[in-house]
Amino acid sequence: MAKKALKIKVVGTGGIGLCVLPSLCRYLNYSTEKFPDVQIGLIDGDTFEDRNRERQGFTEIGPKATVTAEAYSKEFPRLTITDHPVYLDDNNIFQHLREGDTVLVCVDNHKTRKLISDRAEELKNVTIISGGNDLTDGNVLVHIRRNGKNLT
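Let me sum up the structure you'll find in this document. Since we're looking at a predicted model, the values are computed, not measured.

### A short note on the side chain of D101
Tracing the backbone through its elements, the reader meets D101 in the loop between α3 (93-96) and β6 (102-105). Judged by relative accessible area, D101 falls into the buried class, the value being 2%. Other than its neighbours up to four places away in sequence, D101 contacts K7, K9, H96, N125, V126 and T127.

### Quick notes on the sheet that holds strand β8 (residues 138-146)
With respect to topology, seven strands assemble into an open sheet ordered β5-β2-β1-β6-β7-β8-β9, the strand pairing being mixed. Each end of this open sheet is capped by a strand with a single partner; those strands are β5 (80-84) and β9 (149-150). As defined by bridge partners, strand β1 (residues 6-11) adjoins strand β2 (residues 38-43) across six bridges and the pair is classed as parallel. If you follow L6 over to β2, its bridge partner there is V38.

### Comments concerning the packing of aromatic side chains
Considering all chains together, one arrives at two aromatic pairs under this definition. Ring plane angle 65° and centroid distance 6.0 Å describe the contact between Y27 and F35, whose orientation is recorded as edge-to-face. The partly exposed category is assigned to F35, whose relative accessible area is 22%. Plain terms: the ring middles of Y72 and F76 are 6.0 Å apart, the flat faces sit at 20° to each other, and that makes the pair stacked. Just as Y72 is buried, F76 falls in that class too.

### Quick notes on the pattern of salt bridges
Per the counting criterion, the structure on display carries six salt bridges. A salt bridge links K9 to D101; the nearest nitrogen and oxygen atoms lie 2.9 Å apart. Placement of the pair is K9 in strand β1 and D101 in the loop between α3 and β6, with a sequence separation of 92 residues. For the pair K9 and D101, one class covers both residues: buried. Among the salt bridges present, the one from E122 reaches R119, with a minimum N-O distance of 3.2 Å. With E122 and R119 both in helix α4 (residues 110-122), this residue pair falls three residues apart, about one helical turn. By relative accessible area, which is 12% here, R119 ends up buried.

Rules used in this analysis
- Residues numbered from 1 in each chain as written.
- Predicted model: local features only at pLDDT ≥ 70, side-chain atom pairs only at ≥ 80, totals over all residues.
- Heavy atoms only, no water.
- Helix = DSSP H or I, 4+ residues; strand = E, 2+ residues; numbered from the N terminus.
- Buried < 20%, exposed > 50% of the residue type's maximum accessible area, 1.4 Å probe, protein only.
- Contact = heavy atoms within 4.5 Å.
- Pairing = 2+ DSSP bridges.
- Phe/Tyr/Trp six-rings, centres within 6.5 Å; stacked < 30°, edge-to-face > 60°.
- Salt bridge = Lys/Arg side-chain N within 4 Å of Asp/Glu carboxyl O.

The analysis is restricted to geometry; functional conclusions fall outside its scope.
Okay, here's the thing in structure tokens:
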């Protein structure tokens, strides 16, 4: 029996997202037996600008989701990496966060975190991992939902 595709959505490809993505992609790209089919969607409506260079690594100016997807697709060719250069909102979250997704929330604002949390409550099966940081500390919150029930 073929394994289902692992569908990961990374919301935010700035400071936090760019710390998470290299290790995540490297692990998934070379874990062929565990994860034969990996689909990663990068969601971010922001644009890389020169002023971001002090805290974010990128190769060119442009939409963060697109620039990052192009770079990581070249480095990790076994993974299907797509870009979604949009900010999540009430009108589009339904098309981006779906049943069975694993969502890595790498944003720096509570409005988007709340929007994602509310969407998770509408789904039967979803995993949300939300990380945040400050200058000297940080946190990670995990929300696992299976068969319409919160496990965490």
